Every structure is written in C-alpha cells, then in structure tokens.
Amino acid sequence: MTMNEAPAIAPAPLAITMGDPVGIGPEIIVKLAMDPARPRAPFFVIGDTGRLQRAADMLGVQPRIHAIDTPAQVPATVPPATVFVLQTGDRLPADLAWGRIDARAGAACHAYIQRGIDLALAGEVAGLVTAPIHKEALRAAGCPHPGHTEMLAERSGTRDFAMMLANDELRVLLVSIHVPLQQAIAAVTPDNELRAIRLAHRACRAFGIARPRVAVAGLNPHAGENGLFGDEDRSVIIPAIAAARAEGIDANGPWPGDTVFMRARRGEFDVVVAQYHDQGLIPVKYLGVEQGVNITVGLPFVRTSVDHGTAFDIAGTGRADHASLACALRQAAAMVQAGRSGASGQAQRPDFIFMLTQQDKTIADARERLREVLAQGVRHVGFKDIGLPLPQLRELARDIRAGGARVYLEVVSLDEASEVASARAAVELGVDVLMGGTRPEAVLPVLRGSGIAYYPFPGRISGHPSVLSGPAEDIVASARRIAGLEGVHGLDLLAYRFRGDVPALIKAVCDAVDKPVVVAGSIDRSERIAAVLASGAAGFTVGTAAFEETFPAARPGLAAQLQAIQALVD
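All figures in this text were calculated on a predicted structure; none of them were measured in a lab.

Draft legend 1. The sheet that holds strand β22 (residues 491–493), seen in detail. Read from one edge of the open sheet, eight strands run β19-β18-β17-β16-β13-β24-β23-β22, paired in parallel fashion. Of all the strands in the sheet, just β19 (453–455) and β22 have a single pairing partner and so form its edges. Strand-to-strand twist of the sheet, defined as the mean angle between neighbouring strand axes without regard to direction, takes the value 25°. Judged from the three bridges that link them, strand β18 (residues 433–436) and β19 form a sheet pairing that is parallel. Paired with L434 across the bridge in β19 is Y454. Strands in contact with helix α17 (residues 502–512) are β22 and β23 (517–519); relative to β22, the strand with the most contacts, it is inclined by about 170°.

Here it is as structure tokens:
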C-alpha cells in the first residue's frame, strides 16, 4: 500500500502531538517508532519532521520519516521503524538547543496541540496522545493555559472535565488540577465534588467497568475525624457522596487519604477521587512514572498523555525512557476500542438525549421537569430555540449544566436570518451542542471559536413540526457534503420524519459519513430505538413521546418513561 492511497482504516489513526521540541518528546517518539514491541494501533505525529530527524540522528537510528498531508494517509498497520508526520507550522530553526526554555518551542508545541484538537473535533483522528510540554515555554510564547488539560477543555467547549492518572494498579481522578494548594482547598465545594464523582464513574464505564466502585479521599487528616481536624469532609464531601449515590453511582467515603490508595490498589475500589493534585499524583507516580498515563476525562474525544515532564536535564542525551508514551498510546487505543465496542463487545451504546420539548417547542415548565430528568441519571439534555424566551432558556441551560448534563440546543428556524440568530443564541447560552438547521455555511462563521459542537440537518427540511423529504440517495449525498465541511462535528438526522425505509436510511447515512450521527424525529417506540442501536448511530433524541408516555413502563409518569428508554438502550 502506498502513502497516496486512501486506505480503509478502522479505527482512524491516533495522533501524537510532539510536545516541546527541545524536551524529550521527539526522542521518545523516535524510540517508540523503533520499538518492535510498541502498541499496534495506527498513529502519526503532529510536529516537525526536522526535529524528529535530529532526535533520530542523536540516537544513531534511522527511522523512515514520512510527511503526510492528512490523517487518511496513515495505513491501518504502521510499518516498523516508521514515523508518519503531519508537519504543522513552519519548519523549526536548526539553532533550537535541547533542554532550554525557548518561546519558539513553546509556540510550536501550542500549535501542535491546537491542530490535534481540530482533527479530533472533526473526527479525523481516533484520539490524541500528547508528549510533554513545558509550561514556562508556553508562557513565553504568550499561551495563558497552565497545562494540556485546561487548553483541551477550553478549545473543545468542555466545562465538566478532570485529570485522571492511571496505571495497572490505580486510577485516580482529581477534583482540582493545576492550582495553588490554598485554591485547591477552596475548590472543595459540593458542585465540584459531585462533578468529580460523576466523571470518575463515567471514566470507569468508558474502560468497560459495568458498575464502578468510586472511593472519595478525604481532604483533612483522617477524613476530618468527625470535625476534629476540619469540617469540609463532613459538611461538603459527605453530602456530595450522598447525592451521587442517589443518582445510582456506587460512591463511598470520604476515606483517609493515607490509606484509601492502598485499599484501591488491593482491589476494593475501581477509582479514587483525590481532592488535590499532589494527594492523587504522588501514589500513582510512586508506583512508577514510566507506567503512568494521564487521561483527560469529560472531553468529546479520547486524550491520554505521558505521566512525566519534558525532562530538560536529559533532553538531547538519549537517556529518556519511552515506556510511558507506549502506555499512553496503548491506553488511548483501548479507550477508542471500548467506545466503539462497549464493555460487552456489542455495538457502541448511543447517547440518549432527552429533549424538554413537545411538538417541536420547549415546554413551559422545562426547569421544573428538568429536576425529574436529572434524578434519573440522564446526562444529555436538550431544548428547542422556541417555546420559551431567551432569558428563560439561559436559566434552563444553566440548570442543565449545574446538574452535570451536556446541554443541547436544536434549531427549528425556517429562514436564514432566524437560523443565524439561533446560532448566536447558542453562543450566548453557552450550550455544548447546536443541533439542526440547514444552512451550515451561514452558521459556521457564528460558531467559530465558540467550542460548540455543531450537528446540522442533512436533506431537505420543511414545515413545523419539521419533515425530512426527498429521495434517500439525495439525503445521503447531502449528509456527505455537510459532514465534509470544516467545523461540522456531526449530523442531526431527522430520520423518523421521513416517509420511506427509515432503518435503511439511518444505516446508509451512518455508513456514508465518518462523523457522529444523532437520530431524531418521533422516536416513540422500542422498535425505533432498536433500529438506532443496530445502525451504529452515536445518539438519538426523545421528547414528546416520553411526555405522552408512549413507551411501555412499570408505572405512569415521566420518570418511568426515562427508565424504560434507558433499559432499552442498556
């Protein structure tokens, strides 16, 4: 297979960002490429071909370094001793010295990360693996972020995120990340605790653990000893654990920080929620930095990283160990596979997006009904841009986010001016996902830089309630065209407003595009959910049907309807 072919790759390749060019990133990438025991997952490097060649020369090895133009040029099996490189930015100058803080190096590694985020959001890569960066070099280049995690979260529009460190013996998720200890203590709030517990639970589910056991470390010595050594454990952490348990999460604690990690290592817990950076990272790194993997939880894509820094003191000497990079690549590949296959090896479990709508309008009492929805563990909640005035929609979006759910806004505008106005409203509301609409060329400039994921309608949409019309082949062609636009992250397929073979249409669209497809439009019975599950769609929406109680349930009411839908998905 030649590099110019368009191989059918499954999954898409992983991207490794080169990190700071004057640190050990280029060296460990070359060593990874030369290692015959490296993970088999297809990958390429976002970085600089010249710097990688300089690292290879320093090591005295001769990998084949191939420049590529797109990730699609990476074959499903990367040959031994081969590095595919997506050159990003200008070629780095030859006078960059190993192991010295340099603004040029900081600017370059920042550009590599930004390119990686763009590719991940566009679905062109299966996930990101990041080599180490140097915070002072980033600051010298004018980058305000203290680390990868914050940069990734801001660019992807992710508000609920956390850093997890993992190895073969421990998984640890942090309540706060790169902040002074005094600020870390102040960050111990009910909302932050519950958010971290939810993220830990979600991360373990992504690893294939059906019912994660989440332990929460105490903040104070002996977890406060009933208030003798501080009141935060009793007044803040315990109520947050109780709230998580009410949502069905198997959370417990707070446990003393000096023993909880040992208990987790023995197998009593699947993950530990640590209260601040050093409390959680010391036990993981003590077990071996070379085996640790840094994982960002909550992003809309997989991201792992090495569990060490740029090691300027040994950069350029050939002494760096690539073991952590190999572990990060292996973990990313496993997470991608788990996301595609699910814990049972079956088709990926689609996201159930509950819409607080009836007949294509946001319901008047949406904020009141939201509490019932969140209590059932629904973590994807949306509404329409009509039915309530903007100030009330703003409050609704805030409440959804405060409840730990992802916020979706679906557009039902029928003309360009109102669709653009709806996109501006989405930016003002700060939603996570904007769905619907038929004029992506007009909407994309409004969304640029907002971090909002955009899922427009393919096909011809008309009327209100909206109807999808036209031949199936025209809808598929429209899906291909729209999915190919830069800035479109997925599609909102109004399949069950189509008069024709709906299951065949869903599968045809899902097979035709390499971006997520959400199925919408009158999903009101179990057979339709089954069709979504069989199609490989990334998600589906239900609104009116649940309020009208069309699904068979053990008892009346919205809560029972939500439970019935979730049972069908599970």
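Draft legend 2. View of the pairing of strand β2 (residues 43–47). β2 sits mainly inside the fold: five of its five residues count as buried. Neither face of β2 is exposed, since F43, V45 and G47 on one face and F44 and I46 on the opposite face are all buried. Relative to β2, strand β1 (residues 14–17) runs parallel, the two sharing four bridges. Bridge assignment links A15 to a residue of β2, and that residue is F44. For the segment spanning β1, helix α1 (residues 25–34) and β2, crossover handedness is right-handed.

Draft legend 3. Just the environment of V412, in detail. On the secondary structure map, V412 appears in the loop between β17 (406–411) and α14 (416–429). Along the backbone, V412 and S466 are 54 residues apart, and their C-alpha atoms lie at a distance of 7.5 Å.

Draft legend 4. Region of interest: the packing of aromatic side chains. For the coordinates displayed, the defined rule picks out four aromatic pairs. Between F352 and F354 the ring centres are 6.3 Å apart and the planes differ by 70°, which places this aromatic pair in the edge-to-face class. Taking the relative accessible area as the measure of exposure, F354 reaches 0% and is therefore buried. Each member of the aromatic cluster is reached from another via a ring pair, and the members are F352, F354, F540 and F547. The residue whose ring lies beneath R51 is W98, and the NZ or CZ to ring-centre distance is 4.0 Å. Looking at R263, its charged tip hangs above the ring of W255, at a distance of 4.2 Å from the centre.

Draft legend 5. Seen up close, the state of the cysteines. On inspection of all chains with the given rule, the structure shows zero disulfides. You can see C109 has no disulfide; the closest cysteine sulfur is in C143, sitting 7.9 Å from it. For C204, which is in no disulfide, the shortest distance to another cysteine sulfur is to C327 and amounts to 18 Å.

Draft legend 6. Representation of α14 within the structure. Over its 14 residues, α14 extends 20 Å from the first C-alpha to the last, a length consistent with the 20 Å expected when each residue adds 1.5 Å. What α14 keeps buried is the set E419, V420, S422, A423, A425, A426 and L429. Here the buried face of α14 lies against β16 (380–384), α13 (390–402), β17, β18, α15 (440–447) and β19. Its side-chain oxygen at 3.2 Å from the backbone nitrogen of A417, D415 defines the N-terminal cap of α14. One or two positions beyond α14, positive phi appears at G430, with a value near 70°.

Draft legend 7. Molecular detail of the pattern of salt bridges. This structure, assessed with the given rule, holds 25 salt bridges. In this structure, K285 and D307 form a salt bridge, with 3.8 Å as the shortest nitrogen-oxygen distance. Of the two residues, K285 is situated in helix α10 (residues 277–286) and D307 in the loop between β12 (302–306) and α11 (323–341); the sequence distance between them amounts to 22 residues. One continuous salt-bridge network, built from bridges that share partners, spans D360, K384, E410 and R497.

Quick notes on the rules
- Residues numbered from 1 in each chain as written.
- Predicted model: local features only at pLDDT ≥ 70, side-chain atom pairs only at ≥ 80, totals over all residues.
- Heavy atoms only, no water.
- Pairing = 2+ DSSP bridges.
- Helix = DSSP H or I, 4+ residues; strand = E, 2+ residues; numbered from the N terminus.
- Axes fitted to C-alpha atoms, helices over the stretch in contact; angles between N-to-C directions.
- Contact = heavy atoms within 4.5 Å.
- Buried < 20%, exposed > 50% of the residue type's maximum accessible area, 1.4 Å probe, protein only.
- Right-handed = clockwise from strand over helix to strand, strands pointing away.
- Phe/Tyr/Trp six-rings, centres within 6.5 Å; stacked < 30°, edge-to-face > 60°.
- Lys NZ or Arg CZ within 6 Å of the ring centre and 35° of its normal.
- Disulfide = S-S within 2.5 Å.
- Expected span 1.5 Å × (residues − 1).
- Polar contact = N/O pair within 3.5 Å; in protein donor to acceptor, adjacent residues only side chain to side chain.
- Salt bridge = Lys/Arg side-chain N within 4 Å of Asp/Glu carboxyl O.

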